[in-house]
Amino acid sequence: MRSMTLRRSTAPGASSILRVSALLASLSCGCSDPVAGPVDVSERDGATADAPLSDAPTTDAPVIDAPVIDAPATDAPTTDVPVIDAPVIDVPVIDVPVIDAPAIDTPAIDVTSLPDIVDAPASADVLPQDVVRIDAVAADACVARCAGRVCGDDGCGGSCAPGCAAGQSCVASTGLCSATGSVWARRSLANSPTGRHSAAMAYDSARGVVVLFGGNSTSATYDATTWEYDGTNWSRRSLPSAPTGRHDASMAYDSARRVVVLFGGNSTSATYDATTWEYDGTTWTRRALPTSPTGRHSAAMAYDSARNRVVLFGGNSTSATYDATTWEF
C-alpha cells in the first residue's frame, strides 16, 4: 500500500486540494473515505477532475434466481401387523408296549424218509407199492361220531349203523330213528328190561342214551335196576351204588351238570320218599340237601335249559294227596 502525507493549507482552494488528495489515496488503496465516503470533487470550489476513478474493468456478475422447490411431505401409511398368540398344544406321549413274541421252533422234516409219490397212469388198475394214498390217510385220521346214534352222518362222510327200519326216518339232531308220519313203530330188540309200570325215565344228551330206573315190574314190586337204551339195544347197568327200589319216582336230565336227577317215589324205604339222587353214567350218588320238597310220588319233573333249573310240580305227597307246590333245583 502506498502512504500519503496530507498537509493542511490555509491557502485558497486548500480544502479542495486536500479532498482530492484523500480521494486519490482512497482510490489507490481501494478504500473509501472513512468519514464522508467517496468524494465528488466537482462539488467543491467548482473544480473539475478528469482523472479516472479506476483502471480495473468492471464485471457485472449475473444474478441467478434459483427456484426454491418445496418438496411435499409424504405421509407413509403405518401398517400395524397383528400379533397372533398361537395356542400351545400338549401332545400326549403314548407308551407302546413291546410284545415279545415267543420263538416257534419248527421241527425239521427229513425228506429222505418220505416215500416218493408216483403219478400212476390213468389206465392203471393197481397202484405201485410206494404210492401214498392221500384219501386213505384222511379216512384213517377221521373218527366216526356215532356214539348213541343209529343213523345219520357219522362226521366222516358215512352214516351211523345200523340205520332206520322201514317206516322210520332219522332225526339228524339226535341220530335216532323216528316213526315216519308221527306213528309209533315197534322195535324188535335183542335185549330189553322186564315188563313194568311207573318207572322213571330221562334222556342223557351228553352220552346219547335213554336212562330208565325202577318201576313196579314183574321182577319186583319196587324195582331197583338201571337200564340204558342207545337206540339199538337196552343194556342193564351194574353199578356200585343205586337208589332203593321204587316206582312213581320223578326224573330229569340236568344238561348243565350232565347228571340225571331223581326225586321221591314210592319206595321200599317210604311210601312218600323224599330223597334226591344223581346219576352221572358211572354210579348213583345220594345228595344231602339243606332243604327239599316233602316226600311224594307221581310228581312231574322237567329240566329248564334256559335257566339251568330242574322243576318239580305236584304229586301225591305227605302234605296233600293232590300236591300243588312248585320246586326248583
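Residues numbered from 1 in each chain as written. Predicted model: local features only at pLDDT ≥ 70, side-chain atom pairs only at ≥ 80, totals over all residues. Heavy atoms only, no water.

## Notes on the overall build of the protein chain
And then number 1: Looking only at helices and strands, the protein chain features two helices and 19 strands.
And then number 2: Of all 329 residues assigned to the protein chain, the portion counted as buried reaches 25%. (Helix = DSSP H or I, 4+ residues; strand = E, 2+ residues; numbered from the N terminus. Buried < 20%, exposed > 50% of the residue type's maximum accessible area, 1.4 Å probe, protein only.)

## Details of the sheet that holds strand β13 (residues 276–279)
And then number 1: The antiparallel open sheet is built from four strands, whose spatial order is β10-β11-β13-β14. Since the sheet does not close on itself, it has two edges, and those belong to β10 (250–254) and β14 (284–287), each with one partner. Strand-to-strand twist across the sheet, computed as the mean angle between neighbouring axes with direction ignored, equals 25 degrees. (Pairing = 2+ DSSP bridges. Axes fitted to C-alpha atoms, helices over the stretch in contact; angles between N-to-C directions.)

## Points about the side chain of aspartate 254
And then number 1: Among the structural elements, aspartate 254 can be located in strand β10.
And then number 2: Classification of aspartate 254 by relative accessible area gives buried; the value is 3%.
And then number 3: Only 2.9 Å separates the side chain of aspartate 254 from the side chain of arginine 257, close enough to count as a polar contact.
And then number 4: Residues within four places of aspartate 254 in sequence aside, it is in contact with Val259, Val261, Tyr303 and Val310. (Polar contact = N/O pair within 3.5 Å; in protein donor to acceptor, adjacent residues only side chain to side chain. Contact = heavy atoms within 4.5 Å.)

## Quick look at the state of the cysteines
And then number 1: Across all of its chains, the model carries four disulfides by this definition.
And then number 2: Between the sulfur atoms of cysteine 142 and its disulfide partner cysteine 156 the distance amounts to 1.6 Å. Here the disulfide of cysteine 142 and cysteine 156 is left-handed, its torsion about the S-S bond being about -85 degrees. With cysteine 142 in the loop between α2 (134–141) and β1 (168–171) and cysteine 156 in the loop between α2 and β1, this pair connects stretches of sequence that are 14 residues apart.
And then number 3: Under the relative-accessibility criterion, cysteine 156 is labelled partly exposed at 32%.
And then number 4: Linked covalently through their sulfurs, cysteine 151 and cysteine 170 form a disulfide whose S-S length is 2.1 Å. Because the sign of the S-S torsion sets the handedness, a value of about 85 degrees for the bond joining cysteine 151 and cysteine 170 places this disulfide among the right-handed ones. Of the two residues, cysteine 151 sits in the loop between α2 and β1 while cysteine 170 sits in strand β1, which places them 19 residues apart along the sequence.
And then number 5: Here cysteine 170 falls in the partly exposed class, since its relative accessible area comes to 33%. (Disulfide = S-S within 2.5 Å.)

## Some details on the environment of serine 305
And then number 1: Position of serine 305 relative to the elements: it lies in the loop between β16 (300–304) and β17 (309–313).
And then number 2: Judged by relative accessible area, serine 305 falls into the exposed class, the value being 53%.
And then number 3: Along the sequence, serine 305 and aspartate 254 sit 51 residues apart, while their C-alpha atoms lie 7.9 Å from each other.

## A short note on the pattern of salt bridges
And then number 1: Across all of its chains, the model carries eleven salt bridges by this definition.
And then number 2: Linking arginine 207 and aspartate 204 is a salt bridge whose minimum nitrogen-to-oxygen distance equals 2.8 Å.
And then number 3: On the basis of relative accessibility, which here comes to 28%, the residue arginine 207 falls in the partly exposed class.
And then number 4: Residue classification places aspartate 204 among the buried positions, given a relative accessible area of 2%.
And then number 5: With a shortest N-O distance of 2.9 Å, arginine 257 and aspartate 254 are connected by a salt bridge.
And then number 6: Through salt bridges with shared partners, a single ionic network connects Asp204, Arg207, Glu228 and Arg237. (Salt bridge = Lys/Arg side-chain N within 4 Å of Asp/Glu carboxyl O.)

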